[in-house]
Amino acid sequence: MAARALLSRRTLASVLRNDAKPLRVGFAAAAAATHSRRGLHVYTLPDLDYDYGALEPVISGEIMQLHHQKHHQTYITNYNKALEQLQSSIAKPDSSAVVKLQSAIKFNGGGHINHSIFWKNLAPAREGGGEPPKGSLGWAIDTHFGSFEALIQKVNAEGAALQGSGWVWLGLDKELKRLVVETTPNQDPLVTKGPNLVPLLGIDVWEHAYYLQYKNVRPDYLKNIWKVINWKYASEVYEKESS
Amino acid sequence: MNLLLPSTASSSSSLSPSALFPCYSHGFSSSSFKFSKKESRCTRKAKRTEITAKFELKPPPYPLNALEPIMSQETLEYHWGKHHRTYVDNLNRQIDGTDLDGNSLEDTVVISYNKGDILPAFNNAAQAWNHDFFWESMKPGGGGKPSGDLLKLIERDFGSFEKFLDEFKTAASTQFGSGWAWLAYKESRLDVGNAVNPLRSDEDNKLVVVKTPNAVNPLVWNYYHPLLTIDIWEHAYFIDFQNGCRNYISVFMDKLVSWEAVSLRLEQAKARIMEREEEAERKRREEEEKPTISKATPELWTQNE
């Protein structure tokens, strides 16, 4: 508990300073301490590997801070609540309560999963953000989509056409061993589109991801985001999952 | 596609579902319910001379700064001036020269919904209609409490105005993504072609709170008459409230709702229901008066076989 209290104070202080430097040391300590008394894992907000302002001008610091500290945090808070209720509903046992919780778990758990991947998918340009993938993922993209540019075009088109809130993905189908572009509505994670799908890259097309900067012009957000995509991360996942 | 089915908001639950769902999730005239159509407008291409009817973007029934400080002029400039306009423009482009051209906006919504197997024009048609309806659901200095018939029905069907407020806010704030929350007047009907409830009465019609994802609205379900809506797409509140969706919903109910508009819509819904019934009754009587032809036809057909 002491570690959590320390983390809270440090997080608060960094929020007040409005810079929120990565808290990797504090986070590691907190992660170890995040089990409730009943042994239920309590999820906490993962740190970013870069500062909120580091993706500017593609994504503003204000958007990044709100998106990470408010939106992602809310998914985590509600995911933890739902899991706690699930545990007590199972213990009771109350089957209808268990079933009723599924939608909240999918939404909030999905929100946590998707955003955790999204932060990894981004990197400041000076740290390699936007550099096209090399190696096996680069080859695979050429094979499945014709070219890197063709992939970008496909993702942009599908992301722009998505009605309402959701995500557009580049995923690996582990069974068919091929790359796919998929969209999911709301906070549905990619795995809801198929149990063999592994997300390599997910782009958040909820309005909260871009509205303060791009307003109604989602295609511009999609066009620009490629300048800060971290292909190193996508390549690592691809190599691990396709071997 | 169970997302497209009506989901009645449940407010009674020991689990308090609303706690688990973050929500991210307009003067008025009776003739303004339907989109007005321009009588004629030349198409852009100079070569073409045929005249096509187009839906036009109708402005909110108040100036764009009239809802400040709750809903800013900037929000209205984007929400009406960009989002709403894009839906209308795209719709006009999509239906130009197709079978859908020439219908009222309301009919376009229902036809393009196509019983859940939606046609491409549905999202734009429904969003164009939804936004008109949304602008007219608000007014400067709105909020407070309804009166008269509407209040009586709210109290009858929800228990009290406060309970209605709770249910409406819960529905709005438990939306999983983009969408709308509605108060609607639900006609009591058997949705079966040849069945009639012999003891139907006005008392059977109920006020209900429903929420719909993305562009869907209650028009697409038979016998739902929308009375009030709140837009819970993030673009409706992000500039003014950021992630404060619950706050937006509360303030909307406290300060923006035009209960006059809602009351008027209720009266219109009742009138429409009565018209439909009279029409159905008239048809039934006509059928009864000429029973011989329909019996004779199958016999003739059998003989020809």
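Residues numbered from 1 in each chain as written. Chains lettered and ligands numbered in written order. Predicted model: local features only at pLDDT ≥ 70, side-chain atom pairs only at ≥ 80, totals over all residues. Heavy atoms only, no water.

Chain B carries the name superoxide dismutase in an unreviewed UniProt entry, which gives Psophocarpus tetragonolobus as its organism. As its UniProt record puts it under Cofactor (unreviewed entry), chain B is described as follows: "Fe cation". For chain B, the Sequence similarities (unreviewed entry) comment in UniProt is given as "Belongs to the iron/manganese superoxide dismutase family." (UniProt positions renumbered as here; feature names shortened; annotations may be inferred.)

Under an unreviewed UniProt entry, the name given to chain A is Superoxide dismutase, and the source organism is Psophocarpus tetragonolobus. On record in UniProt, under Cofactor (unreviewed entry), the comment for chain A is "Mn(2+)". Per UniProt, chain A has the following entry under Subunit (unreviewed entry): "Homotetramer."

**Student:** Is there a simple way to explain the overall build of chain A in this structure?
**Tutor:** Regarding its fold elements, chain A presents 10 helices and three strands. Mapped in sequence order, the helices and strands of chain A form the string α-α-α-α-α-α-α-β-β-β-α-α-α. Within chain A, the proportion of its 243 residues that are buried is 51%. Partitioning the contacts of chain A with sequence separation of at least 6, the portion at a separation of at least 24 is 66%. For chain A, the exposed surface amounts to about 11400 Å²; the carbon and sulfur share of it is 56%. (Helix = DSSP H or I, 4+ residues; strand = E, 2+ residues; numbered from the N terminus. Buried < 20%, exposed > 50% of the residue type's maximum accessible area, 1.4 Å probe, protein only. Contact = heavy atoms within 4.5 Å. Areas by Shrake-Rupley, 256 points an atom, 1.4 Å probe, with all protein chains shown as cover.)

**Student:** What am I meant to see in the packing of helix 1 (residues 73-95) of chain B against helix 3 (residues 122-135) of chain B here?
**Tutor:** Angle between the axes and distance between the axes are the two parameters that describe a pair of packed helices. Residues and elements named next belong to chain B. Following both chains from N to C, one finds helix 1 and helix 3 inclined at 145°, their axes separated by 8 Å at the closest point. Once helix 1 is placed against helix 3, the crossing between them reads as left-handed. Every residue of helix 3 that contacts helix 1 at Leu76, His79, Trp80, His84, Tyr87, Val88, Asn90, Leu91 and Gln94 is listed here: Asn124, Ala125, Gln127, Ala128, His131, Asp132, Phe134 and Trp135. Taken together, the residues of the contact of helix 1 with helix 3 break down into nine nonpolar, seven polar and one charged. (Axes fitted to C-alpha atoms, helices over the stretch in contact; angles between N-to-C directions. Left-handed = near helix turned anticlockwise from the far one by under 90°. Nonpolar A, V, L, I, M, F, W, Y, C, P; charged D, E, K, R; others polar.)

**Student:** Could you clarify how one ought to interpret the interface of chain A and chain B in this entry?
**Tutor:** By a frequent convention, interface size equals the accessible area lost on bringing the separate parts together. Taken together, the contact pairs 28 residues of chain A with 25 residues of chain B. The largest contributions to the chain A side of the interface with chain B come from A:Gln163, A:Glu207 and A:Tyr211, which together make up 23% of the buried area. In this assembly, chain A and chain B are joined by one salt bridge. Top contributing element to the side of chain A that touches chain B by residue count: helix 3 (residues 61-91) of chain A, with 10 residues. Among the residues forming the side of chain A that touches chain B, the class breakdown is 10 nonpolar, 13 polar and five charged. (Buried area = accessible area lost by both parts, 1.4 Å probe. Salt bridge = Lys/Arg side-chain N within 4 Å of Asp/Glu carboxyl O.)

**Student:** Mind showing me how you'd approach helix 5 (residues 161-173) of chain B here?
**Tutor:** Along an α-helix, a turn takes 3.6 residues, which lines up residues three or four apart on a common side. For helix 5 of chain B, which comprises 13 residues, the first-to-last C-alpha distance of 18 Å matches the rise-based estimate of 18 Å (1.5 Å per residue) to within 8%. Residues of helix 5 of chain B that are buried include every one of B:Phe161, B:Phe164, B:Leu165, B:Glu167, B:Phe168, B:Thr170, B:Ala171, B:Ala172 and B:Ser173, and no others. (Expected span 1.5 Å × (residues − 1).)

**Student:** Help me understand the UniProt feature "domain: Manganese/iron superoxide dismutase N-terminal" (unreviewed entry) in chain B in this model?
**Tutor:** Annotation from UniProt places "domain: Manganese/iron superoxide dismutase N-terminal" (unreviewed entry) at residues 54-138 of chain B. Secondary structure across residues 54-138 of chain B comprises 54% helix and 0% strand; the distance between its end C-alpha atoms is 26 Å.

**Student:** Sorry if this is basic, but what is going on with the packing of aromatic side chains here?
**Tutor:** To describe a pair of aromatic rings, one takes the distance between the centres and the angle between the planes. By the definition in use, this model includes 28 aromatic pairs over all chains. Where A:Trp226 meets A:Trp231, the ring centres are 6.2 Å apart and the plane angle is 10°; that geometry is what we call stacked. Where B:Tyr248 meets B:Phe252, the ring centres are 6.5 Å apart and the plane angle is 55°; that geometry is what we call tilted. In this pair, B:Tyr248 and B:Phe252 are both assigned in helix 7 (residues 245-256), four residues apart and thus about one turn of the helix distant. B:Phe252 matches B:Tyr248 in its accessibility class, with the two residues each being buried. The aromatic ring of B:Trp80 is capped on one face by B:Arg85, whose charged end is 5.6 Å from the ring centroid. The aromatic ring of B:Phe133 is capped on one face by B:Arg265, whose charged end is 3.5 Å from the ring centroid. (Phe/Tyr/Trp six-rings, centres within 6.5 Å; stacked < 30°, edge-to-face > 60°. Lys NZ or Arg CZ within 6 Å of the ring centre and 35° of its normal.)

**Student:** Just to check I follow, could you spell out the nonpolar core for this structure?
**Tutor:** A general feature of soluble globular proteins is that nonpolar side chains tend to end up buried together. Residues B:Phe164, B:Leu183, B:Tyr248 and B:Trp259 are the most contacted members of the largest nonpolar core, which totals 74 residues. Top element by residues in this core is helix 3 of chain B. It accounts for eight residues. Apart from the residues lying within four places of it in its own chain, the contact partners of B:Phe164 are B:Ile154, B:Phe158, B:Leu183, B:Val209, B:Met253 and B:Trp259. Counting 53 residues, the second largest nonpolar core, distinct from the first, contains A:Phe107, A:Leu162, A:Leu201 and A:Ile203. (Core = buried A, V, L, I, M, F, W, Y, C linked by side-chain atoms within 4.5 Å.)

**Student:** Please explain the UniProt feature "binding site: Mn(2+)" (unreviewed entry) in chain A as it appears in this structure.
**Tutor:** All names here are of chain A. Those places that UniProt annotates as "binding site: Mn(2+)" (unreviewed entry) correspond, in this numbering, to His67, His115, Asp204 and His208. Maximum C-alpha separation among the annotated residues is 12.2 Å over a sequence range of 142 residues, consistent with a single clustered spot. Structurally, His67 is set in helix 3. Among residues more than four places away in sequence, those in contact with His67 are His72, His115, Phe118, Trp119, Asp204, His208 and Ala209. Mapped onto the fold, His115 is located in helix 5 (residues 102-121).

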